[in-house]
Amino acid sequence: MKIISIINLKGGVAKTLTADNMAHVLAVFHNKRVLIVDNDKQGNTSKMFGVHSYDDKSISDVLTARRMDIHEAIKKTRFEGIDVLPANMTLIRANLEVMMDSTRPQQTRLRAALDPIAGEYDYCLIDNAPDINISTINALELFSRIFAVLAPPPDMTISEWADEYRRLSSESSAEPGRWRTSKAPYQREIMDAICDVSIQKVVVMSAAQIGKTDGFILNPIGYFMHYDPSPIMVLQPTIQMGEAFSKDRLSPMLRDTPVLRDRVNDKARNSGNTILQKIFPGGHVTIVGANSPSSLASRPIRILLADEIDRYPATAGNEGDPLLLAGKRLTTFWNKKEVDVSTPTIKGLSRIEVEYEHSTQEEWNVPCPACGALTPLEWANIIFDRNNLDEIGCACPHCGVVSSETEWKEMFKNGKFVAAFPERKVRGFHLNALASMFVEWREIVQKFITANDEKKKGNIELLKVWTNTEMGQTWEEEGEQIETDDLYKRREKYNCEVPEEVLVLTAGVDVQDDRFEVEVVGWGVDKESWGIKYQAIYGDLKLKPIWNELDAFLSQTFTTADGRRLKIICTCVDSGGHFTNQVYRFCKERTARRVFAIKGKGGADVPYFNRPSTANSVKTPLFTIGVDTGKAILYQRLAVQEEGPNYCHFPKDKDRGYTQEYFRGLTAEKMVMTYKKGKAQYVWTLKDGGYKRNEPLDIRNYATVALEIANPVLKKPDPAASAATQKKRGRRSRTNGGIL
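For clarity, every value in this text was computed on a predicted model and none was experimentally measured.

### Considering the overall build of the protein
Helices and strands together make up the secondary structure of the protein, namely 24 helices and 31 strands. Here the protein has a C-alpha radius of gyration of 38 Å; the compact-globule value for 740 residues is 27 Å, and the former is much larger. A principal-axis box enclosing the C-alpha atoms of the protein has dimensions of 125 × 70 × 60 Å. The buried share among the 740 residues of the protein stands at 49%. Put simply, the protein shows about 35500 Å² of open surface, and 51% of that area lies on carbon and sulfur atoms. Looking at charge distribution, the protein has the averaged site of its 99 positive side-chain charges lying 5 Å from that of its 97 negative ones.

### Quick notes on the packing of aromatic side chains
A ring pair, where both rings are aromatic, is described by two values, the distance of the centres and the angle of the planes. As enumerated under the stated definition, the model contains 25 aromatic pairs in all. Seen in terms of ring centroids, Tyr223 and Phe224 are 5.1 Å apart; in terms of plane orientation they differ by 85 degrees. Their pairing is edge-to-face. Across the pair, Phe224 and Tyr223 agree in class, each one buried. Ring geometry for Tyr662 against Phe663: centres 5.0 Å apart, planes inclined by 85 degrees, an arrangement best described as edge-to-face.

### Quick word on helix 21 (residues 627-638)
Look at helix 21: 16 Å from first C-alpha to last across twelve residues, which is about the 16 Å you get at 1.5 Å a residue. Across the twelve residues that make up helix 21, a large majority, ten, are buried. Three or more residues of helix 21 are buried, namely Val627, Asp628, Gly630, Lys631, Ala632, Leu634, Tyr635, Gln636, Arg637 and Leu638.

### Overview of the nonpolar core
Across soluble globular proteins, nonpolar side chains have a tendency to be buried as a group. Ranked by internal contacts, the top residues of the largest apolar core, which has 90 residues, are Ile221, Leu250, Val285, Ile444, Leu638 and Phe650. Broken down by element, the residue count for this core peaks at seven residues, all from helix 9 (residues 212-226). The residues touching Leu250, leaving out its near neighbours within four places in the chain, are Leu218, Ile221, Phe245, Lys278, Val285 and Ile287. Counting 32 residues, the second largest nonpolar core, distinct from the first, contains Val502, Trp530, Phe553 and Phe558.

### Things to note about the sheet that holds strand 21 (residues 504-511)
Strand order in the open sheet formed by seven strands is 28-27-26-21-22-23-29, with mixed pairing between adjacent strands. A strand with exactly one partner marks an edge of an open sheet, and here the two such strands are strand 28 (622-626) and strand 29 (648-649). Note that strand 21 and strand 22 (residues 515-523) share eight bridges and pair antiparallel. Bridging from a neighbouring strand, Thr506 pairs with Val521 of strand 22. Docked against the sheet, helix 21 engages strand 22, strand 27 (595-601), strand 28 and strand 29, running at close to 60 degrees with respect to strand 28.

### A word on the pattern of salt bridges
For the coordinates displayed, the defined rule picks out 43 salt bridges. Salt-bridge contacts for Glu353 lead to Lys347; the nearest nitrogen and oxygen are separated by 3.0 Å. Overall, Lys347 belongs to the partly exposed group, its relative accessible area being 30%. Put simply, Arg515 and Glu695 hold a salt bridge, and the shortest N to O gap is 3.4 Å.

### Re the sheet that holds strand 5 (residues 123-128)
Strand order in the open sheet made by the five strands is 1-5-2-4-3, with mixed pairing throughout. Here the strands that pair on one side only, and so sit at the sheet edges, are strand 1 (2-6) and strand 3 (75-76). Inspection of the sheet shows strand 2 (residues 34-39) paired to strand 5 by six bridges, in the parallel sense. Bridging from a neighbouring strand, Asn39 pairs with Asn128 of strand 5. Helix 1 (residues 15-29) contacts strand 1, strand 2, strand 4 (82-85) and strand 5 of the sheet and is inclined by roughly 165 degrees relative to strand 5.

### Quick look at helix 23 (residues 695-710)
The terminal C-alpha atoms of helix 23 lie 22 Å apart, and with 16 residues this matches the ideal 22 Å at 1.5 Å per residue to within 8%. Counting buried residues in helix 23 gives 15 out of 16 residues, a clear majority hidden from the surface. Positive backbone phi, approximately 50 degrees, marks Asn711, located one or two places after helix 23.

### Some details on the pairing of strand 12 (residues 303-307)
Summarising burial for strand 12: five of the five residues are buried, a large majority. Judged by which residues are buried, strand 12 turns out to be covered on both faces: Ile303, Leu305 and Asp307 on one side and Leu304 and Ala306 on the other are all buried. Pairing analysis gives four bridges linking strand 9 (residues 231-236) to strand 12, with the strands arranged parallel. From the neighbouring strand, Ile232 faces strand 12, where its bridge partner is Ile303. Inspection of the sheet shows strand 12 paired to strand 13 (residues 337-342) by five bridges, in the parallel sense. Residue Asp307 lies in a different strand from strand 13, and its bridge partner there is Val341.

### Thoughts on a nonpolar patch on the surface
Taken together, the side chains of Leu9, Ile132, Ile137 and Leu140 define a hydrophobic patch exposed on the protein surface, amounting to about 340 Å² of accessible area. Along the chain, the position of Ile132 falls in the loop between strand 5 and helix 6 (134-149). On the basis of relative accessibility, which here comes to 53%, the residue Ile132 falls in the exposed class.

### Re the state of the cysteines
The final tally for this structure, using the stated rule, is zero disulfides. Distance from the sulfur of Cys399, which forms no disulfide, to the nearest cysteine sulfur (Cys371) is 3.8 Å. Given a relative accessible area of 35%, Cys399 falls into the partly exposed group.

### Some details on the side chain of Thr286
Here Thr286 is to be found in strand 11 (residues 283-289). Using a relative accessible area of 3% as the deciding quantity, one classes Thr286 as buried. A polar contact of 2.8 Å, which involves the side chain of Thr286, links it to the side chain of His284.

### A short note on the side chain of Arg109
Within the secondary structure, Arg109 sits in helix 5 (residues 109-114). Among the polar contacts made by the side chain of Arg109, one reaches the side chain of Asp101 at a distance of 3.0 Å. Ignoring anything within four residues of it in the chain, the contact list for Arg109 reads Leu63, Thr64, Val98, Asp101, Arg104 and Asn138.

### A closer look at the confidence of the model for the protein
Overall, the predicted model of the protein reaches an average pLDDT of 88, with 92% of residues at or above 70. Of the regions scoring below 50 in pLDDT, residues 727-740 engages in two contacts with residues more than four places distant in sequence or in other chains.

### Remarks on the packing of helix 21 against helix 23
Contact geometry for helix 21 and helix 23: axes closest at 9 Å, N-to-C directions at 95 degrees. Here helix 21 lies roughly perpendicular to helix 23, going by the angle between them. Judged by residue contacts, Val627, Gly630, Lys631, Leu634, Tyr635 and Arg637 of helix 21 engage Leu697, Asp698, Arg700, Asn701, Thr704 and Glu708 from helix 23. Grouping the constituent residues of the contact of helix 21 with helix 23 by class yields four nonpolar, three polar and five charged.

### Focus on the pairing of strand 2
Among the six residues that make up strand 2, six are buried, leaving the element largely enclosed by the rest of the structure. Across the two faces of strand 2 the burial is the same, with Val34, Ile36 and Asp38 and Leu35, Val37 and Asn39 all buried. The pairing of strand 2 with strand 4 spans four bridges and is parallel. Within strand 4, the position partnered with Val37 by the bridge is Leu85.

### Things to note about the environment of Leu666
Within the fold, Leu666 resides in helix 22 (residues 660-666). Take Leu666: its relative accessible area is 0%, and that puts it in the buried class. Note: C-alpha distance between Leu666 and Arg78 (588 residues apart in sequence) is 85 Å. When residues no more than four places from it in sequence are discounted, the contact partners of Leu666 are Leu487, Leu634, Tyr635, Leu638, Phe650, Pro696, Leu697 and Arg700.

Cut-offs and rules
- Residues numbered from 1 in each chain as written.
- Predicted model: local features only at pLDDT ≥ 70, side-chain atom pairs only at ≥ 80, totals over all residues.
- Heavy atoms only, no water.
- Helix = DSSP H or I, 4+ residues; strand = E, 2+ residues; numbered from the N terminus.
- Rg over C-alpha atoms; globule rule 2.2 N^0.38 Å.
- Buried < 20%, exposed > 50% of the residue type's maximum accessible area, 1.4 Å probe, protein only.
- Areas by Shrake-Rupley, 256 points an atom, 1.4 Å probe, with all protein chains shown as cover.
- Lys, Arg positive; Asp, Glu negative; His and termini not counted.
- Charge placed at Lys NZ, Arg CZ, Asp CG, Glu CD.
- Phe/Tyr/Trp six-rings, centres within 6.5 Å; stacked < 30°, edge-to-face > 60°.
- Expected span 1.5 Å × (residues − 1).
- Core = buried A, V, L, I, M, F, W, Y, C linked by side-chain atoms within 4.5 Å.
- Contact = heavy atoms within 4.5 Å.
- Pairing = 2+ DSSP bridges.
- Axes fitted to C-alpha atoms, helices over the stretch in contact; angles between N-to-C directions.
- Salt bridge = Lys/Arg side-chain N within 4 Å of Asp/Glu carboxyl O.
- Patch = residues over 30% accessible without salt bridge, like charges linked within 9 Å, V, L, I, M, F, W, Y side chains within 5 Å.
- Disulfide = S-S within 2.5 Å.
- Polar contact = N/O pair within 3.5 Å; in protein donor to acceptor, adjacent residues only side chain to side chain.
- pLDDT = per-residue confidence, 0-100.
- Parallel < 35°, antiparallel > 145°, perpendicular 65-115°, else oblique.
- Nonpolar A, V, L, I, M, F, W, Y, C, P; charged D, E, K, R; others polar.

So this is what it looks like as structure tokens:
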């Protein structure tokens, strides 16, 4: 039971009104059990609640009787949750009687009466008279005891608080129960920096699986709720992610950590608590989305915890950068705190990298098991044999000794962060997965081997993810650019119309004012590709003959080296020129042959293709193509050097159309970084502003997306199964008397 004693030696200052209103708010709006002690002979509180009487027992009896159950004097009120220990004018006599009684303590009688019922109420409010008498002294004695309870707590850091009070929940931890910082020693220095009053901003750029959310978001929330109550904002990338954070991470912590359990009342109807806001004595936790400008406005806060900032949108509506908007809410507090946490993404586009570069730039260092020198855990020092991952070690750059993972991790307890710029005010920390106690090095190495193998096939996405999530580093785009001569020189003789490795054919068509440009591409296992034919068809596009010629070209049959006859399974025709309606009509009549109209759309965030729309003049299926995504995929494949998955073959025969001019157009663009409204982004631009013939690049892009739309199974047929099928078909044909 918490005791609040309201005392003022001046009358008419609303002591009674304050006590009674506080009781009403606590009981009605916060669902608390409240006892009001009327310690004023005028009995105004007793009168207000309708329990004033000279016939019943009151505080006078509590102070003077030797063996009295205080329940005999406490009165119920018409308000649920509010009881009153009433007073009347007999309190004058009671004060004199207590003063005259020296056989037992005089100043502690009220405390002795209240102690047995402390578990029955959440709050006890004492309304005192504006004078000094023994009943008031009894209230003051309670007040002095409260001051002892409310004395400033001993100095405690977040890591100490977590070790003492935090409990991990079964929903979010493989080892539920008491938190132990010793299991992740690199977290201690970061957590303690967050509660250091001399530091206003902490930045954590790290790998995944190092306990970011628990250590640097949830533990600070618990610490400030319990130890240093403050208004707190948790900034998540989206409102939906904020709701998931509240349900899956925050609520279980509040439920399972005893010192936090009763600080947030989620059950009372009028508590004001929601999924996105938790109110506690002295502050609140408000969870907002970086995509919601309204949630970032007009919220003065002292603590800002910004999670996964690299996933924030560039702007919150039209209001600007969400991190800057949220930071403005801190300005009214002298002891403000901002914590920015994230796994990084692309170099030049990464928010967390920018924040880290302007910080102390501290790296986790561990004493070498051999020589004791502090050493950063860097990937360049990891030693492994890809054919035997049972023995993985790390070489010390000081002494050269290779020690095992176990030997290094035994030294983690003595690790520390070493700053590149210790004089800077912003503390910045970097961690990679090698420092994690939750991940074995074998897993990190295995992921690298897989990602590196995929890179050799032209797929760099896995290596990007590995760099971001395992090394905690930004991925540096190489400014995608392919050299014309390199591709031209690797042309080869097919000695057939279509190589036997080709399983299906697709086509892309670019529509110019005086011609069509068309490419047919063959596809094999793992999307290995062969250029089959590149041709320009000239004519007047306002007349039907050239459209018929295009139709004839797309209808032809191609023969493979092993005698198979292949048709084009899907064609994408650009509709973005001056003949949009003609393209729509042409494709509408040939939908059954999978001849589709497409419309290109730029932007790195535009998906390669979506479901088609028929919202056009002739109701033909129209695919919107993410051309920047397609170009990135194509350039990755053109960069593959070894024949096999994703490798691009080109024929040397002169009549195929693969001239030096073709390759100049295929490699006409490059990806560069630019800035739009102060935000870095990658865009595709012409390498040579004087040469704009990039049709081969666009057309190969269209033929590639045609493969994705058709989505065939690119798998070599089983020869035995194929022979059996042919034999079965042959027998059926002879039986039915058909003609092959």
